[in-house]
Amino acid sequence: MFSQFALHERLLKAVAELKFVEPTPVQAAAIPLALQGRDLRVTAQTGSGKTAAFVLPLLNRLVDLKGGRVEIRSLILLPTRELAQQTLKQVQLFSQFTYIKAGLITGGEDFKEQAAMLRKVPDVLIGTPGRLLEHLNAGNLDLSHVQVLILDEADRMLDMGFAEDMERLCKECEQREQTLLFSATTGGAALRDIIGKVLKDPEHLMLNSVSQLAEGTRQQVITADHDQHKEAIVQWLLANETFDKAIIFTNTRALADRIYGHLVAKDVKAFVLHGEKDQKDRKQAIERFKQGSSKVLVATDVAARGLDIDGLDLVINFDMPRSGDEYVHRVGRTGRAGGEGLAISLITHNDWNLMSSIERYLKQQFERRVIKEVKGTYNGPKKVKASGKAAGSKKKKVEKKAGADKKGAAKKKPAAKPRNKAPLASADGLAPLKKRKPAAE
Ligand code: AMP
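Residues numbered from 1 in each chain as written. Predicted model: local features only at pLDDT ≥ 70, side-chain atom pairs only at ≥ 80, totals over all residues. Heavy atoms only, no water.

What follows is about the confidence of the model for the protein chain. This prediction gives the protein chain a mean pLDDT of 84; 84% of its residues lie at or above 70. Every residue in residues 395-441 is under pLDDT 50, and counting partners more than four places away or in other chains gives 58 contacts. (pLDDT = per-residue confidence, 0-100. Contact = heavy atoms within 4.5 Å.)

Moving on: the pairing of strand β2 (residues 74-77). Because side chains alternate across β2, one face comprises the buried residues S74 and I76, and the other comprises L75 and L77, equally buried. Pairing of β2 with strand β4 (residues 124-127) involves 4 bridges; the strand directions are parallel. Within the sheet, the bridge partner assigned to L77 lies in β4 and is G127. Across 4 bridges, β2 lies against strand β5 (residues 148-151) in parallel orientation. Looking at the pairing, L77 lines up with L151 of β5. (Buried < 20%, exposed > 50% of the residue type's maximum accessible area, 1.4 Å probe, protein only. Helix = DSSP H or I, 4+ residues; strand = E, 2+ residues; numbered from the N terminus. Pairing = 2+ DSSP bridges.)

Here the focus is helix α8 (residues 163-172). Taken together, the buried positions of α8 are occupied by M166, L169 and C170. Buried positions in α8, seen along its axis, are confined to an arc of 100° and lie on one side of it. Residues of α8 that are exposed and point more than 90 degrees away from the buried face comprise E164 and K171. Elements in contact with the buried residues of α8: β2, α6 (129-137), β5, α7 (154-159) and α9 (189-198). (Arc of directions from axis to C-beta.)

Applying the stated criterion across every chain yields a total of 18 salt bridges. Two residues, K230 and D351, come together in a salt bridge whose shortest N-O distance is 2.9 Å. In this pair, K230 sits in helix α11 (residues 227-240) while D351 sits in the loop between β13 (341-347) and α16 (352-362), placing the two residues 121 residues apart along the sequence. On the basis of relative accessible area, D351 is assigned to the buried category, the value being 12%. Here the salt bridges do not stand alone but share partners, grouping K50, D152 and E153 into one network. (Salt bridge = Lys/Arg side-chain N within 4 Å of Asp/Glu carboxyl O.)

As a further point, take the sheet that holds strand β12 (residues 312-317). Within the open sheet, the 7 strands sit side by side as β10-β11-β9-β12-β13-β8-β14. Their pairing is parallel. Edge positions in the open sheet fall to β10 (270-273) and β14 (367-368), since each of these has one partner strand only. Note that strand β9 (residues 245-250) and β12 share 5 bridges and pair parallel. Each bridged residue has a counterpart across the sheet, and for K245 the counterpart in β12 is L312. With respect to the sheet, α11 is in contact with β8 (217-223), β9, β11 (296-300), β12 and β13, its orientation differing from that of β13 by roughly 160°. (Axes fitted to C-alpha atoms, helices over the stretch in contact; angles between N-to-C directions.)

Here the focus is the packing of aromatic side chains. As enumerated under the stated definition, the model contains 5 aromatic pairs in all. Relative to F366, the ring of Y327 has its centre 5.1 Å away and its plane inclined at 25°; by these criteria the two rings are stacked. Of this pair, Y327 sits in helix α15 (residues 324-331) while F366 sits in the loop between α16 and β14, and the two are 39 residues apart along the sequence. Among the residues examined, Y327 registers a relative accessible area of 0% and is labelled buried. Given the relative accessible area of 2%, F366 is considered buried. Above the ring of F97, the side-chain terminus of K13 is found at 4.2 Å from the ring centroid. (Phe/Tyr/Trp six-rings, centres within 6.5 Å; stacked < 30°, edge-to-face > 60°. Lys NZ or Arg CZ within 6 Å of the ring centre and 35° of its normal.)

See below:
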């Protein structure tokens, strides 16, 4: 029950109005600590209820502030416009019975109108780093009285190259009393670096959904021969599965466009979302998809980050995501709030080892599914190692090379892969840096 939290009655009224009854795990863990004023580092994905987990304690701090507005009291920094808009909506809903005002600063919107909004001084400012810095540099923005700073999807901001901008904006909030950092993944060195710089003695709440995934969502893999075959499988699935809304994830924009083109050519109503689309197209695609005028969205990870879509019950990984955390992030979008979801990954010979690394990371085996109408010739590797990866050609090469150099051969033999060799997806679920391809956007 939300009434267990020491939240102001006006906020509890809004919570009741929104028909939130039980706090989600991230809310149960984060709200009491945030209300005490602690700095927090929270690992939780979109769909976990993380927004309310930081918005409610933030509003609780601001709710009794009296007097004219002269200072911006809080900043929510996040990676994308869509996430910013969704967050603004939640802030407005939760603050509907208070006098708290929120403002939005993101790229793709009118700069002068934003400057005018800033002159009215919102209590809660929500924005993306690039445009916020432009306003700072133009002298439109004073963050020196910010009391609470929230970094949402910090890992994604870093992936998008915002590290320096984030640091600069954090420094501008020099008087802050509390910082809350949320990320969908446990991140890597860049995230640790920023955590060290901006958080004071933080409590780390790990609410990663690896264990939650199994509950509402069935996870399947279907083997495929090549991309064209994958497209045939997608078309079969869209025609034969029962679903309300589906997302097809690709690792690149080019592939997203190609699949979209082929779907449209087959008279499937679909939208495509990636970083090259302009703001108007993106907004329109998201709105239409949400309203249900199309049931299918083709998207890259970055473009789909932060999207909160009700009724999403089918996720198709056309490409396997590059890390276990990214998989959780994609697949965690289905089966929300107790609903049922289905996640299907399409696996060619090239995807197999990554898939098996992700299975090991999640400590579960995906259901193997065969659709006889679109069955190909590839059914997985002939032989698998104890790790689940394909046993194969690589080893032969090593032996050949080693044979040419006897000393080397003697050395190499004991190094025959240990059973629990580190998977491609490392313990944090991220592929080692050198193996990561550039971000899709
Ligand atoms: P988020 O992870 O913040 O993007 O939230 C995902 C969705 O869950 C949003 O649509 C919220 O409105 C909804 N939500 C968050 N917390 C609760 C709750 N305690 N009960 C019901 N719905 C919730």
